[in-house]
Amino acid sequence: MEATVVRTGTEGKTWGGGSKSPLKASYGKMMMWFFITSDALTFSAFLASYGFSRFKFLDSWPIADEVFNHFPFMHGVDAPMYYVALMTFILIFSSVTMVLAVDAGHHMKKAKVTLYMFLTIIGGVIFLGSQAWEWKNFIKGEYGAVETRGGQILQFVDSNGERVALHDVATTLKEDRVAHERKNGLWFVGDDAELTTYSIDEIKEGFKTKENLLVRTQMLDENGAKTILTREKSLAMLDQHAVGVVEGANLTHNEYGPPLFADFFFFITGFHGFHVLTGVLINIIIFFNVILGTYERRNSYEMVEKVGLYWHFVDLVWVFVFTFFYLV
Amino acid sequence: MAHDATHQHEGSATKKIWSVFAILSVVTIVEVILGIIKPEFLIKTSFIYMSLLNWIFIVLTIYKAYLITWSFMHMEHESKGLRRSVVWTGVFLVAYLVFILLTEGDYIYEVYKGGYISWNF
């Protein structure tokens, strides 16, 4: 019986699996590029759906400068953009040290590769810490707000348009407040995580007595600022529609605006942060391999180049996240 | 070619890395400054459904992405086939996705705005 080997006539040529590799890249490098392509499509799907939700609520989306305005050791100072710009620099700089490591690898300089890989890891760790701090501020919230039955957010301002925190609005009432539990309440409604600092009645009462306070809705006016209601309308809005107090942010409520805003923030920056975390871990593995001399023996530092591709990709994604979450 | 970088003189490669870093930093600083002062005229001028300022941000971002990919990720030294299979796949699919989702988002916005769904119920 004849052997069933099919001859294609391309043996020895590129597409026949010959000695030359297709696309003139090694298998590992090519596959890293294709992985990056697919991962880039995943991230663009997230960012595009963020854009979708934003276009859907175009006239009531939170203003990024008002949400992300913290800077370490500058409490109460309005510092929009600075912190996230700093984070961007940290990540770009760690990309630079990575590409320096790759370059040193081309010249087979073990000591330099080690140093630059180490700096890259440090940069990644600092970035992760910064992101954790950013999340902490976002979750904790600053001023607090009131939510309407329709799920809209009402915030408080004084007559100058400056934001006012809940504790400056509320008056203390004598009331017995108990966190709702399924076992002794409505079985089909979940447990309250914990009671908010003030009840909605305390906010309403306090608002009535303090004449200079106004309600700010989420709607943007023609100048791109949030609409502030008149005193009468504020009182009516609060009295008729407000049902709950919101402090900080989680997946279902947030004091900044539509819940989708917080969901996308957590999901996209979280997914990016997860990439940074895995990038740091892979960098650490490669770092130890460099120290042990694995690539010296292999006579090629291509692994550093491959992990570098991933690390630059993480930086690349951040460039887009920075634009679409903080700038646009 | 794929391994040109190997034969480059060491100094010139590092010099290029630092100059790309300088460009990236300058672009980021420009973005941040524009984001903080928000020039009136750039916000008010609308161009294809978006303010000019937003277009500037997006163009600068794509420029930064180009620099990172071409220089840091050495895309310029890869073969034409690899470059196109990565870049064209991404660019065309993302452009399609963004177009279709933003169009749909704008349509839903009009539905809300037209009063078919109450803002607050």
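Thresholds applied
- Residues numbered from 1 in each chain as written.
- Chains lettered and ligands numbered in written order.
- Predicted model: local features only at pLDDT ≥ 70, side-chain atom pairs only at ≥ 80, totals over all residues.
- Helix = DSSP H or I, 4+ residues; strand = E, 2+ residues; numbered from the N terminus.
- Rg over C-alpha atoms; globule rule 2.2 N^0.38 Å.
- Buried ≥ 20, exposed ≤ 12 C-beta atoms within 10 Å, placed from the backbone.
- Contact = placed C-beta atoms within 7 Å.
- Domains from an automatic or database assignment.
- UniProt positions renumbered as here; feature names shortened; annotations may be inferred.
- Pairing = 2+ DSSP bridges.
- Axes fitted to C-alpha atoms, helices over the stretch in contact; angles between N-to-C directions.
- Nonpolar A, V, L, I, M, F, W, Y, C, P; charged D, E, K, R; others polar.
- Parallel < 35°, antiparallel > 145°, perpendicular 65-115°, else oblique.
- Left-handed = near helix turned anticlockwise from the far one by under 90°.
- Core = buried A, V, L, I, M, F, W, Y, C linked by C-beta atoms within 7 Å.

Novice: Where do I start with the overall build of chain A in this structure?
Specialist: Across its full length, chain A carries 10 helices and 5 strands. What you see for chain A is a C-alpha radius of gyration of 27 Å, clearly larger than the 20 Å of a compact globule of 328 residues, by over 25%. By principal-axis analysis of the C-alpha atoms, chain A measures approximately 90 × 55 × 45 Å. Expressed as a percentage of its 328 residues, the buried residues of chain A come to 38%. Of all intrachain contacts in chain A linking residues separated by at least 6 positions in sequence, the fraction that spans at least 24 positions is 67%.

Novice: Hey, could you run me through the overall build of chain B in this one?
Specialist: Summing up its helical and strand segments, chain B has 5 helices and 2 strands in all. Secondary structure elements of chain B occur, N-terminal to C-terminal, as α-α-α-β-β-α-α. Whereas a compact globule of 121 residues would reach a radius of gyration of roughly 14 Å, chain B reaches 21 Å, over 25% beyond that. For the C-alpha atoms alone, the extent of chain B along its principal axes is close to 65 × 35 × 25 Å. Residues counted as buried form 17% of the 121 residues belonging to chain B. Put simply, 54% of the contacts in chain B that link residues at least 6 apart link residues at least 24 apart.

Novice: Help me understand the domain arrangement of chain B in this model?
Specialist: You can read the domains of chain B as domain 1 (1-78) and domain 2 (80-121). Relative to domain 2 of chain B, the C-alpha centre of domain 1 of chain B lies at a distance of 24 Å.

Novice: What exactly am I supposed to notice about the UniProt feature "transmembrane region" (unreviewed entry) in chain A here?
Specialist: Sites flagged by UniProt as "transmembrane region" (unreviewed entry) map to residues 30-52, 81-101, 113-133, 264-295 and 307-327 of chain A. Segment residues 113-133 of chain A splits into 100% helix and 0% strand. End C-alpha atoms: 30 Å apart.

Novice: Looking at this structure, how should I read the sheet that holds strand S5 (residues 242-246) of chain A?
Specialist: The strands that make up a sheet pair up through hydrogen bonds in the backbone, lying either parallel or antiparallel. Residues and elements named next belong to chain A. The sheet built from 5 strands is open, its strands ordered S4-S3-S2-S1-S5 with antiparallel pairing. Two strands in the sheet have a free side with no partner beyond their single neighbour: strand S4 (226-228) and S5. Put simply, the sheet's adjacent strands are angled 40° from each other on average, direction ignored. Note that strand S1 (residues 145-148) and S5 share 4 bridges and pair antiparallel. In the sheet register, Val146 faces S5, and the bridge partner there is Val245. Sitting on the sheet, helix H6 (residues 200-209) is in contact with S1 and S5, with an inclination near 105° to S5.

Novice: So what exactly am I meant to see when it comes to the interface of chain B and chain A here?
Specialist: Many analyses report the size of an interface as the accessible area lost when the parts associate. In this complex, chain B contributes 46 residues to the contact, which on the side of chain A involves 46 residues. The greatest single-element share of the side of chain B that touches chain A, amounting to 16 residues, is contributed by helix H5 (residues 80-113) of chain B. Taken together, the residues that form the side of chain B that touches chain A break down as 27 nonpolar, 13 polar and 6 charged.

Novice: How do you make sense of the packing of helix H3 (residues 82-106) of chain A against helix H4 (residues 110-140) of chain A when you look at a structure like this?
Specialist: Axis angle and axis distance: for two packed helices, these are the angle between their axes and the distance between the axes, and together they describe the pair. All names here are of chain A. Between H3 and H4, the shortest axis-to-axis distance is 8 Å and the interhelical angle comes to 160°. Viewed along their axes, H3 and H4 adopt a mutual orientation that is roughly antiparallel. For the pair H3 and H4, the sense of crossing is left-handed. Note on element contacts: H4 touches H3 through Lys112, Val113, Tyr116, Met117, Leu119, Thr120, Gly123, Gly124, Ile126, Phe127 and Ser130, opposite Met87, Ile90, Leu91, Phe93, Ser94, Thr97, Met98, Leu100, Ala101, Ala104 and Gly105. Class assignment of the residues belonging to the contact of H3 with H4 gives a composition of 14 nonpolar, 7 polar and 1 charged.

Novice: Before we go on, may I ask you to explain the domain arrangement of chain A in this structure?
Specialist: The domain boundaries assigned to chain A delineate domain 1 (26-141 + 260-327) and domain 2 (145-245). When each unit is reduced to the centre of its C-alpha atoms, the spacing between domain 1 of chain A and domain 2 of chain A is 37 Å.

Novice: How should the nonpolar core be read in this particular structure?
Specialist: Side chains of nonpolar character tend, in soluble globular proteins, to be buried together. Residues and elements named next belong to chain A. Residues Val84, Ala101, Val113, Met117 and Val304 are the most contacted members of the largest nonpolar core, which totals 71 residues. The element best represented in this core is helix H10 (residues 302-327), accounting for 16 residues. Beyond its immediate sequence surroundings of up to four residues, Met117 is in contact with Ala101, Asn283, Ile286, Phe287 and Val290. The next biggest cluster of nonpolar side chains, apart from the first, holds 18 residues, and it includes Val169, Leu214, Ala242 and Val245.

Novice: Is there a simple way to think about the pairing of strand S3 (residues 214-220) of chain A in this case?
Specialist: Residues and elements named next belong to chain A. Among the 7 residues in S3, 5 count as buried, and that is most of the element. Looking at chain direction, strand S2 (residues 153-157) and S3 are connected through 3 bridges and run antiparallel. Bridge pairing in S3 places Phe156 opposite Val215. Examined bridge by bridge, S3 and S4 share 2 bridges and lie antiparallel to one another. If you follow Leu220 over to S4, its bridge partner there is Lys226. The antiparallel hairpin formed by S3 and S4 contains 5 residues in its connecting segment, where Gly224 sits at a positive phi of about 80°.

Novice: I keep staring at the UniProt feature "transmembrane region" (unreviewed entry) in chain B and nothing clicks. Help me out?
Specialist: All names here are of chain B. Here the UniProt feature "transmembrane region" (unreviewed entry) sits at residues 17-37, 49-73 and 85-103. Helix makes up 100% of residues 17-37 and strand 0%. Its end C-alpha atoms lie 30 Å apart. The span residues 85-103 is 100% helix and 0% strand, and its two end C-alpha atoms sit 27 Å from each other.

Novice: Explain the packing of H10(A) against helix H4 (residues 52-72) of chain B here, please?
Specialist: Running from N to C, H10(A) and H4(B) point in directions that differ by 175°, and their axes come no closer than 10 Å. The orientation of H10(A) relative to H4(B) falls into the category roughly antiparallel. Within the contact between the two elements, H10(A) uses His312(A), Asp315(A), Leu316(A), Val319(A), Phe320(A), Thr323(A) and Leu327(A) and H4(B) uses Phe57(B), Ile58(B), Thr61(B), Lys64(B), Ala65(B), Ile68(B), Thr69(B) and Phe72(B). Along the lines of polarity and charge, the residues of the contact of H10(A) with H4(B) split into 9 nonpolar, 4 polar and 2 charged.

Novice: How should unusual backbone geometry be read in this particular structure?
Specialist: Glycine aside, a negative phi is what most residues show, and trans is what most peptide bonds show. At Lys24(A), a position not held by glycine, the phi torsion is positive, near 55°. Tracing the backbone shows Lys24(A) in the segment before helix H1 (27-56). The phi torsion at His74(B) lies on the positive side, around 60°, for a residue other than glycine. Among the structural elements, His74(B) can be located in the loop between H4 and H5.

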